[in-house]
Amino acid sequence: MSAARARVTASRVRAGWLHAGLIARATVLFAGAAAVACLGSPRPVVTPPGAPGDAPAAAATTDAVVVRPGEAATQDEAEGPGAAAMPTTMPEASATEPETEAVDPATPAVAGSTTVAPPPAGPTCGAMDADDAWVARLLERDPVLAAAARDAASLRLQVVVGEVARRDDGTACVTYHPYRLDAEYLYPASAIKTFAALAAVRTLDALRSDDGVAADLGLDTELRFERATVPDVVDLRGRPVVLGETTATLRELLDQTLILSSNDGFNRLLDFAGLDAINGGAERAGFTSVRVSHRLSRQLDPPEATRWSPPVSALIGDAWRELEPARASSAVPGLGELVGLEVGTAYIDPVDGGRRDAPLGFADKNSASIFDLLRLVAWVADPALTPELELSDVSDESRLAMRAPMATVPDESDRYEPLSPGVTDLVPWERLEYVNKAGRAFGFHLDAAYLRDRSTGRELLVAAGMFVDTDGVANDDTYAYDSLSYPFFVALGRVLAERVLVVDGGFPSSVRPSLTRRRVAPNLESPQTGGRPPVIWRGPCALSHVGAGERRRRATAARTSHRRNATSAATSAPVRPRPVAPRVERREHAREDDVGVSRNVP
């Protein structure tokens, strides 16, 4: 009897273990399905290892993901984070490429599609195909971005995303994905300031390469810009054009221009280098779209006033030595046949503040493609990203002097990064490397940025621009930045962070993945968000938004760590404190070089 009971007991134990195993397996499968639903799974991307100048590599392809009727698409296959991850390192080229299923490249990768294909990688490094639908599909993944795309022509919306892959030797291959690139004219606003900074450091390097007094010049040498009256030139009110005296180092001017976006700092960099050095140097380097023709915050100055630069002296030893005499640059050529050089249906005249019922012309304004703005930011971040540029005459010290202010954490300054709120929802500042220069003026809003997640090693380049003067009256200081362009940049930053930066590295511990797209409430401002539109989260996997207190704690911790590291690495060389701009410059920064009539009154 005991033997029979033992057999029955053993049978029940085996049945119990089998039942428990089935439950455990079902639990694992359910958890895996839930993880896929929230996180998505990256697909492999084959990127060619060729570099500019090498023999063209075979076109890279990726496996298409087919969603059959009746089957549910994963978050990755539909519209969630992680779709078509960009590689951080470049695999060796294979003799055979994986087969792909034919897919219409214009088909948006959204839920409900029967076939969803990953965005294609470019065939060669530096390649850019005007018919590339990579960004168009990206914009469909967020309602804010999709709404802007539907009105892209009137918003003059343009986007370029650079896909970065690294080889084992550290060199990079960048494939650019354009969206409506150069379809219309976009006024670069303060984003153009990087080219004045580049020309200034090149001028410094050229001066100190000569023997004599100039050989002792440095970034921290005191410079004096003499007070001068532009000869034979009057402003639009018939008054003489006067340039005031300023004393500053080149490093201070770079910080003021690239951190605080000081218009006066830009003007002094222009005075130091001259228009010929800015425009001619940009063209020789490979930036063919760049044209700087005027100073900023000086709408009453005629174009010929900007051609003239005042005398510049340097404090060498105990004496001031003249570096540059008063000089005039060549006339700046017109913009030619660019589309959209006339803006609005009316404008406010800066001379008398009256309304003129005619479009405002930009034919004499500064100009640069967002692609060239992006490539300069890329070179500042890492010259390996732009091997096609001819900038070998710029010392690494000078490049790093530009990079430091362009990579300053915004909690330590007033630096302006419109993409950062969306990016830092997923990648906290202590993990993020963000090098950029943005600008907004006359209703034009732009940013060009290099982003890298130190945790995953993933990096990307992105530039975007749009026009949001919705009332049709130019120069009236009434623009839809808060309700249109700012929410667009926030959403674009977050979608790119989801899709590129955190795909393989996972999400930070402070957030959970979201199944639904984020929405920004327009026309709302809150003191808790620093005057920025608050973010509304929805969905079963909604993000736990990090509060203002937690953000301040993180920022303080990051600054403390940064200062501790800087102190431990300090040398005996004296450290110059960062110049602090007066509050008036900070107020000007909020509107960049878009000045109202009242500010032009002497």
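Above this text is the structure in question.
Small disclaimer: the values here were computed from a predicted structure and weren't measured.

Teacher, can you tell me more about the overall build of the protein chain here?
When you go through the protein chain residue by residue, the secondary structure sums to 15 helices and 22 strands. Each of the 602 residues in the protein chain was classed as buried or not, and the buried ones make up 52%. Of the contacts made within the protein chain by residues no fewer than 6 positions apart, 71% connect residues no fewer than 24 positions apart. Carbon and sulfur atoms form 54% of the exposed surface of the protein chain, whose accessible area is close to 26400 Å².

In this structure, what is going on with the side chain of asparagine 267? I would like to understand it.
Within the secondary structure, asparagine 267 is located in helix H7 (residues 263–273). Note on asparagine 267: relative accessible area 7%, which makes it buried. Dropping the residues within four chain positions of it, asparagine 267 is found in contact with Arg295, Leu296 and Arg298.

How do you make sense of the nonpolar core when you look at a structure like this?
When a protein is soluble and globular, its nonpolar side chains tend to lie buried together. Residues Phe272, Phe287, Phe488 and Leu501 are the most contacted members of the largest nonpolar core, which totals 123 residues. In contact with phenylalanine 488, other than residues within four places in its own chain, are Leu139, Val144, Leu145, Ala148, Leu157, Val159, Ala464 and Met466. Core analysis: the second largest hydrophobic core is formed by seven residues, Ala228, Val230, Val241 and Ala305 among them.

Would you mind going over the environment of arginine 321 with me for this structure?
Relative to the elements of secondary structure, arginine 321 occurs in strand E11 (residues 319–324). Among the residues examined, arginine 321 registers a relative accessible area of 38% and is labelled partly exposed. On a C-alpha basis, the gap between arginine 321 and alanine 214 in space is 9.0 Å, while along the polypeptide they are 107 residues apart.

Explain unusual backbone geometry to me, please; I cannot follow it from the model alone.
For residues that are not glycine, phi is negative in most cases, and the peptide bond is trans in most cases. The backbone of arginine 180 shows a phi angle near 55 degrees, a positive value even though the residue is not glycine. Mapped onto the elements, arginine 180 comes out in the loop between strand E4 (172–179) and helix H5 (193–208). Assessed through its relative accessible area of 24%, arginine 180 is described here as partly exposed. A positive phi is found at alanine 189, a non-glycine position, where the angle reads about 50 degrees. Locating alanine 189 in the fold gives a position in the loop between E4 and H5.

Would you explain the packing of aromatic side chains in this entry?
Centre distance and the angle of the planes are the two values used to describe a pair of aromatic rings. By the definition in use, this model includes 13 aromatic pairs. Between tyrosine 185 and phenylalanine 362, the aromatic rings sit 5.8 Å apart at their centres with planes inclined by 50 degrees, giving tilted as the arrangement. Taken together, the positions of tyrosine 185 in the loop between E4 and H5 and phenylalanine 362 in the loop between strand E16 (360–361) and helix H10 (370–381) put the pair 177 residues apart, joining distant regions of the chain. With relative accessibility at 0%, the residue phenylalanine 362 sits in the buried group. Arranged with centres 5.8 Å apart and planes meeting at 55 degrees, the rings of tryptophan 429 and tyrosine 434 form a pair that is tilted. You can call tyrosine 434 buried: its relative accessible area is 2%. Ring pairs connect the aromatic residues Tyr185, Tyr187, Phe362, Phe442, Phe444 and Phe467, which therefore count as one cluster. Directly above the ring of phenylalanine 467 sits arginine 156, whose terminal nitrogen or CZ lies 5.3 Å from the centroid.

Looking at this structure, how should I read the environment of valine 233?
Tracing the chain through its elements places valine 233 in strand E6 (residues 228–234). Among the residues examined, valine 233 registers a relative accessible area of 10% and is labelled buried. In sequence terms valine 233 and proline 302 are 69 residues apart; their C-alpha atoms lie 8.1 Å from each other. Excluding anything up to four places from it in sequence, valine 233 contacts Pro240, Val241, Pro302, Glu304 and Ala305.

So what exactly am I meant to see when it comes to the sheet that holds strand E20 (residues 473–474) here?
Strand-to-strand pairing in sheets goes through backbone hydrogen bonds, with the strands running parallel or antiparallel. Across the sheet, three strands lie side by side as E15-E14-E20; this open sheet has mixed pairing. This sheet does not close on itself; its edge strands, each paired only once, are strand E15 (355–356) and E20. By the bridge criterion, two bridges tie strand E14 (residues 346–348) to E15 in an arrangement that is antiparallel. Counterpart to tyrosine 347 in the pairing with E15 is arginine 356.

Basis of the calculations
Residues numbered from 1 in each chain as written. Predicted model: local features only at pLDDT ≥ 70, side-chain atom pairs only at ≥ 80, totals over all residues. Heavy atoms only, no water. Helix = DSSP H or I, 4+ residues; strand = E, 2+ residues; numbered from the N terminus. Buried < 20%, exposed > 50% of the residue type's maximum accessible area, 1.4 Å probe, protein only. Contact = heavy atoms within 4.5 Å. Areas by Shrake-Rupley, 256 points an atom, 1.4 Å probe, with all protein chains shown as cover. Core = buried A, V, L, I, M, F, W, Y, C linked by side-chain atoms within 4.5 Å. Phe/Tyr/Trp six-rings, centres within 6.5 Å; stacked < 30°, edge-to-face > 60°. Lys NZ or Arg CZ within 6 Å of the ring centre and 35° of its normal. Pairing = 2+ DSSP bridges.

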